[in-house]
Amino acid sequence: MSTQKDLHHIIIIGGGAGGLELAARLGNKLGKKKKALITLIDCTLTHLWKPLLHEVAAGTLNSYEDELSYLALAHKNHFTFRLGRMDTLNRNKQEISTAPTLDNNGNEYIPSRTFKYDTLVFAVGSQTNDFGIKGVKEHCMYLDTRTEADLFHQHFFRNAYTAHAQTVPLREGQLKIAIAGAGATGVELSAELHQAVNQLVEFGLDDLPVDDVKISILEAAERILPALPSGLSDKTAKALAKIDVEILAGQRITEATAEGFITDKVGLVPAEIKVWAAGIKAPDFLARIDGLESNRINQLVVKETLETTHDDNIFALGDCAACPMQVTDDNVPPRAQAAHQQADMLVKSIRNRINNKPLPTYNYVDYGSLINLSRYTTIGNMMGNLIGNKAGSVMIEGLLARFVYMSLYKMHQVVIQGVIRVTLTTIANFLTQKTKPRMKLH
Ligand SMILES: Cc1cc2nc3c(=O)[nH]c(=O)nc-3n(C[C@H](O)[C@H](O)[C@H](O)COP(=O)(O)OP(=O)(O)OC[C@H]3O[C@@H](n4cnc5c(N)ncnc54)[C@H](O)[C@@H]3O)c2cc1C
């Protein structure tokens, strides 16, 4: 009988949209039957699905209610969880190391550790790319992690409370919010923030000078949602206009200051609250890590099998992978649906690898894009392959679009928590929603 030591050891770095699903699926398929040992390493103790972060930032979602403990998920899904931030790779020895883990006061409570692997999967996601633009690091907030989203929420609330209590006139940009980047994140955040301001007034900050609150989105391309179909962009722009979100398209930001953004066309756009959501890059530590091939935004270059180009023992998925598309010259876009699909395929790939069978290749299937404008509306285009319309994509809006939007998150929850638990929590949330405020008010 094989002992733990003889088992094939799969290490997954990063328990996000893709990595956690992979760990849960492999755990249930291989870990449970003691056919492999699966270890998930993440630098945080809890998981929150990243596409929810703009709701956390606006306070329309309470991050403490939706976060899940990795240890509990590991126990349920037959994998092992280890806390740590990976920093180095030794391909010769087939081992990775994590940096020491520190508490909030900077005291080390877990030393640097080393883990041996037979198969290694990078699923460390991406972070915002400030392209080295002057002042962005110092003056803008980011939404890459749950901590950053929580910090933004506090910052936004404090600004609102200060303005509410202020007896002297507001400064020009005091309650102005500017979001750099009109991708899905920036656009959805603008609507959530608009909703949040209204809720604050409804809940008692009735002296808040709402007319002084202004939300602007700045975008270098000529239209919002430049990576998505123009029809979806137009409809979304109209919906944003209805709630007075200002769109400044075709504006290249040259600098961020405490007072606002400076652009090449209009000069200063006053805003003391600034979010940078324009562009992504993979974490810096991945750049050419131990000789692996990476691109200019640090993504690991992978083949269609998701194996890294220089090492067949190492795979990458999701935002941190530069994966070629089968039909165009582009790479697979950094989206939760891609991470989900890739995790799904890697379950099969890794089983095949253990059984010395050929690996499948990944083909990105675009099921469409959905933009959720808080409680106002949801707009999307569903691709023909999803709805049986071979002629092309179809626009959907309102409740149906909202339902499809929610289903991506539900699918993620089902993979990691199981159908029964997700059904019961959904019913419980539905029954208790009337008893709670619709936003986090502290
Ligand atoms: C606000 C916002 C809204 C979005 N909305 C949508 C949407 O509506 N639809 C959509 O398709 N996509 C959306 N996205 C994009 C989507 O979130 C990502 O494409 C997706 O999460 C990528 O999944 P991933 O598994 O590659 O990485 P992630 O989900 O980012 O997970 C990465 C994990 O790696 C961990 N990690 C990072 N570095 C290390 C390290 N060195 N050591 C250990 N662990 C590490 C992190 O803690 C994290 O748990 C949105 C993104 C944002 C920020």
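So, here is what we can say about the structure in this document. (Residues numbered from 1 in each chain as written. Predicted model: local features only at pLDDT ≥ 70, side-chain atom pairs only at ≥ 80, totals over all residues. Heavy atoms only, no water.)

### Some details on the packing of aromatic side chains
- If you walk through the whole model with that rule in mind, you get six aromatic pairs.
- Between the aromatic rings of Phe157 and Tyr161, the centroid separation amounts to 6.4 Å while the plane-to-plane angle is 45 degrees, which identifies the pairing as tilted. On the criterion of helical spacing, the pair formed by Phe157 and Tyr161 is a turn pair, its members being four residues apart in helix 6 (residues 146–165).
- Directly above the aromatic system of Tyr64 lies the positively charged group of Arg146, at a separation of 4.6 Å from the ring centroid. (Phe/Tyr/Trp six-rings, centres within 6.5 Å; stacked < 30°, edge-to-face > 60°. Helix = DSSP H or I, 4+ residues; strand = E, 2+ residues; numbered from the N terminus. Lys NZ or Arg CZ within 6 Å of the ring centre and 35° of its normal.)

### Focus: the pairing of strand 23 (residues 311–316)
- As paired strands, strand 11 (residues 119–122) and strand 23 are joined by three bridges and run parallel to one another. Paired with Val121 across the two strands is Phe315, which belongs to strand 23.
- As judged from the two bridges shared by strand 22 (residues 307–308) and strand 23, these two strands associate in the antiparallel manner. The residue of strand 23 that forms the bridge with Thr308 is Asp311.
- Where strand 22 hands over to strand 23, the hairpin turn is made up of two residues, counted between the paired strands. (Pairing = 2+ DSSP bridges.)

### Description of the site of the ligand
- The local shell around the ligand holds 31 residues, among which Ala17, Gly18, Asp42, Asp319 and Ala336 are the closest.
- With respect to the ligand, the side chain of Asp319 contributes an N or O atom lying 2.8 Å from an oxygen atom.
- Within the complex, 88% of the 1000 Å² of free accessible area of the ligand lies under protein.
- Secondary structure elements with two or more residues in the shell around the ligand: strand 2 (36–42), strand 6 (85–90) and helix 9 (336–354). (Near = heavy atom within 4 Å. Polar contact = N/O pair within 3.5 Å; in protein donor to acceptor, adjacent residues only side chain to side chain. Areas by Shrake-Rupley, 256 points an atom, 1.4 Å probe, with all protein chains shown as cover.)

### Quick word on a positive patch on the surface
- On the surface, Lys29, Lys32, Lys33, Lys35, Lys76, Lys348, Arg351, Lys357 and Arg421 cluster together into a patch of positive charge.
- The topology assignment puts Lys76 in helix 4 (residues 70–77). (Patch = residues over 30% accessible without salt bridge, like charges linked within 9 Å, V, L, I, M, F, W, Y side chains within 5 Å. Salt bridge = Lys/Arg side-chain N within 4 Å of Asp/Glu carboxyl O. Lys, Arg positive; Asp, Glu negative; His and termini not counted. Charge placed at Lys NZ, Arg CZ, Asp CG, Glu CD.)

### Structural notes on helix 9
- For helix 9, which comprises 19 residues, the first-to-last C-alpha distance of 27 Å matches the rise-based estimate of 27 Å (1.5 Å per residue) to within 8%.
- When you tally the buried positions in helix 9, you get 15 out of 19 residues, the bulk of the element. (Expected span 1.5 Å × (residues − 1). Buried < 20%, exposed > 50% of the residue type's maximum accessible area, 1.4 Å probe, protein only.)

### Here we look at the environment of His54
- Note that His54 resides in helix 2 (residues 53–58).
- The class of His54 is buried, set by a relative accessible area of 4%.
- His54 sits 92 residues away from Arg146 along the chain, and the two C-alpha atoms are 9.5 Å apart.
- Contacts of His54, omitting those with residues within four sequence positions, involve Leu143, Glu188, Leu189, Glu192 and Tyr405.
- At 3.2 Å, the side chain of His54 and the side chain of Glu188 are in polar contact. (Contact = heavy atoms within 4.5 Å.)

### Examining the nonpolar core
- One finds Ile12, Leu89 and Phe122 to be the most contacted residues of the largest nonpolar core, which totals 57 residues.
- Contacts of Leu89, omitting those with residues within four sequence positions, involve Glu95, Ile96, Tyr117, Leu120, Phe122, Ile289, Asp290, Leu292 and Ile314. (Core = buried A, V, L, I, M, F, W, Y, C linked by side-chain atoms within 4.5 Å.)

### Points about the pairing of strand 13 (residues 176–180)
- Counting buried positions along strand 13 gives five out of five residues, so the element sits mostly inside the fold.
- Burial along strand 13 is two-sided: Lys176, Ala178 and Ala180 facing one way and Ile177 and Ile179 facing the other are all buried.
- As paired elements, strand 13 and strand 14 (residues 214–219) share five bridges and run parallel to each other. For Ala180, the partnering residue across the bridge sits in strand 14 and is Leu218.
- Between strand 13 and its parallel partner strand 14, the chain crosses via helix 7 (residues 184–202), and the hand of that crossover is right-handed. (Right-handed = clockwise from strand over helix to strand, strands pointing away.)

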